[in-house]
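Residues per chain are reported as follows:
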Amino acid sequence: MKKTATKITAIFFVLMFLFTSFSASVYATDGAGEGEGTGHALVLTSESLSVKIGKKIQITAKVTNVETQPHILWASSDTSVATVDEKGVVKGVKAGKAVISAITQVDGEKLYGEFMINVVTSSNFLKDLLEGQQILSYQYSYVDDYYYTNDKEAWQYNFGFGKIYDIASPYILLEYDYIRVFFTHAGKDWMLQMWKGQYGMVFYGGEIGIYNRPHTDDGMSEWTFFNCPAEEDWLNMEMTLWHEEANGTWTREFTREYDKYWWCTGFKNGHLRQEEPADELRLEGRITFVDAEMTALVADGLKECGFGVADSKDDIGLDEFYVDGNDIRFVWQNISEAESTMFIKVNFGALYALSLMPVWPLIMPFVGWFAVLVLLVSVIL
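What counts and what doesn't
Numbers given for residues are sequential positions, taken from 1 along each chain in its written order. Predicted model: local features are reported for residues with pLDDT of at least 70 only, side-chain atom pairs are reported and counted for 80 or more only, and whole-chain, interface and lining totals are derived from all residues. As a rule here, side-chain values cover all heavy atoms of the structure and leave hydrogens and water aside. Like-charged residues within 9 Å of one another, or nonpolar side chains (Val, Leu, Ile, Met, Phe, Trp, Tyr) within 5 Å, are grouped into patches, provided each residue has over 30% relative accessible area and no salt bridge. For every accessible area listed, the method is Shrake-Rupley and the probe measures 1.4 Å; residues are considered covered only by the protein chains on display. The working definition used for a salt bridge is a side-chain nitrogen of Lys or Arg within 4 Å of a carboxyl oxygen of Asp or Glu. Helical segments are the DSSP runs of H or I of at least four residues, strand segments are the runs of E of at least two, and each set is numbered from the N terminus. In protein, a polar contact means a hydrogen-donor-capable atom and an acceptor-capable atom, both N or O and within 3.5 Å, with residues adjacent in sequence counting only if both atoms are side-chain atoms; elsewhere, any N or O pair within 3.5 Å suffices. The contact criterion used throughout is that any non-hydrogen atoms of two residues lie within 4.5 Å. Side-chain rings of Phe, Tyr and Trp (the six-membered ring for Trp) are treated as a pair once their centres are within 6.5 Å; stacked means planes under 30 degrees apart, edge-to-face means over 60, and tilted covers the remaining angles. Type-normalised accessible area, obtained with a 1.4 Å probe on protein chains alone, sets the label of each residue: buried when under 20%, exposed when over 50%, and partly exposed for intermediate values. Paired strands, in this sense, are two strands between which DSSP finds at least two bridges.

Once that is clear, we can look at a nonpolar patch on the surface. A cluster of nonpolar side chains, Leu 73, Ile 103 and Tyr 112, forms an exposed patch at the surface whose accessible area comes to about 280 Å². On the secondary structure map, Tyr 112 appears in strand β9 (residues 109-120).

Following this line, the structure appears as structure tokens:
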């Protein structure tokens, strides 16, 4: 099952790479605000969720169930980011996001609507498309310029997760660090896992996932599988990914806002200088657990993984965590349970290089190209 999942994910990343140079614009979205009565609603629509700096887009406001459209008053929550005129035309000023609001009155009812607009420095067809809808469960955010999984409606939800997935991942170009915490709570076995690293040739990123299954006394193995949890078992969490630049400075790549997730993800376009281990990535997070017992079990698990305990939530060092009520806040950078695949990669690379040498027996080029063909087929099929 995971093999199919990772192949589709790999195909998605390839499509991202192929289409990032195309530009266009084109979809619609809407938001509606009702008054205190029941007969009318103020509906806002736009051809785009974003606008480039210096460019304009039209936001349209319509009141339902009226013969004549009333006068609309427009406002922007931050005019330094985006302005809006009396006709609902929005102009991008600087990168960021602003709420465009509309207000009117019908038959004594005050009607209000709002529309979140992202002001961006550039755009293209695929990003515009993925901002408004998901493809293979993936979407795009112009805010922080990253891709993510819409875990609320993810096809991956049906596949669960097990150790074997991580063991197989390097062979389909997914090279990442990971840590796992296992515990039993409320009659269920749970697994909390975090990842960070290189995803295919053109993306790097991070993930946090929570999984469970009915409790069993069977031991853990590479073939032990956990289910993606029912919605009542999803947890509130947030995640920020930092990247160390070549000059030693750390850059915040993106932040997934505090919300209920079973799988919190984010992926940036680019390639790490060193894939294994992915120490140039740092993942900061906060997870709110169900109760004090569950929190304590996870805290003990993090200690077993090698995490230290910080003195306060405002002073959490590398590979440390802090318990704040039912919240666990952490900073993860250097710890990893990932098995090294460098030996395999180096030897495969050497075999392929030798296969291209003209002095090598004629059979070797076919061996080398066959290995490449098998790799491509495993990703595509």
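What follows covers the side chain of Gln 198. Relative to the assigned elements, Gln 198 resides in strand β14 (residues 188-199). At 2.8 Å, the side chain of Gln 198 and the backbone oxygen of Phe 203 are in polar contact. Separated by 2.8 Å, the side chain of Gln 198 and the backbone nitrogen of Leu 272 make a polar contact. For Gln 198, the contacting residues outside a window of four places in its chain are Leu 173, Leu 174, Glu 175, Phe 203, Tyr 204, Gly 270, His 271, Leu 272 and Glu 275.

The next point concerns the packing of aromatic side chains. In this structure the tally under the stated criterion is 19 aromatic pairs. Relative to Phe 254, the ring of Tyr 146 has its centre 4.7 Å away and its plane inclined at 20°; by these criteria the two rings are stacked. Within this pair, whereas Tyr 146 is found in strand β11 (residues 146-149), its partner Phe 254 is found in strand β18 (residues 250-261), the two being separated by 108 residues in sequence. Look at Tyr 146 and you get buried, because its relative accessible area is 6%. Geometrically, the ring pair formed by Tyr 199 and Phe 267 is edge-to-face, given 4.9 Å between the ring centres and 75° between the ring planes.

In this section: unusual backbone geometry. Residue Pro 277 is bonded to the preceding Glu 276 through a cis peptide linkage, with omega at -5°. Relative to the elements of secondary structure, Pro 277 occurs in the loop between β19 (263-269) and β20 (281-288). Positive phi outside glycine occurs at Ser 137, with the angle close to 80°. For Ser 137, the position within the fold is in the loop between α2 (125-132) and β10 (138-141). Notably, Asp 319 is not glycine yet its phi reads approximately 55°, a positive angle. The class of Asp 319 is buried, set by a relative accessible area of 11%.

Quick look at the pairing of strand β17 (residues 235-244) now. For β17 and β18, the ladder comprises nine bridges, and the chain directions are antiparallel. Across the sheet, Asn 236 pairs through a bridge with Lys 260, a residue of β18. Linkage of β17 to β18, two consecutive antiparallel strands, is achieved through a turn of five residues, within which Gly 248 is found at a positive phi near 95°. Bridge count for β17 against β20 is eight bridges, and the pairing is antiparallel. Looking at the pairing, Asn 236 lines up with Thr 288 of β20.

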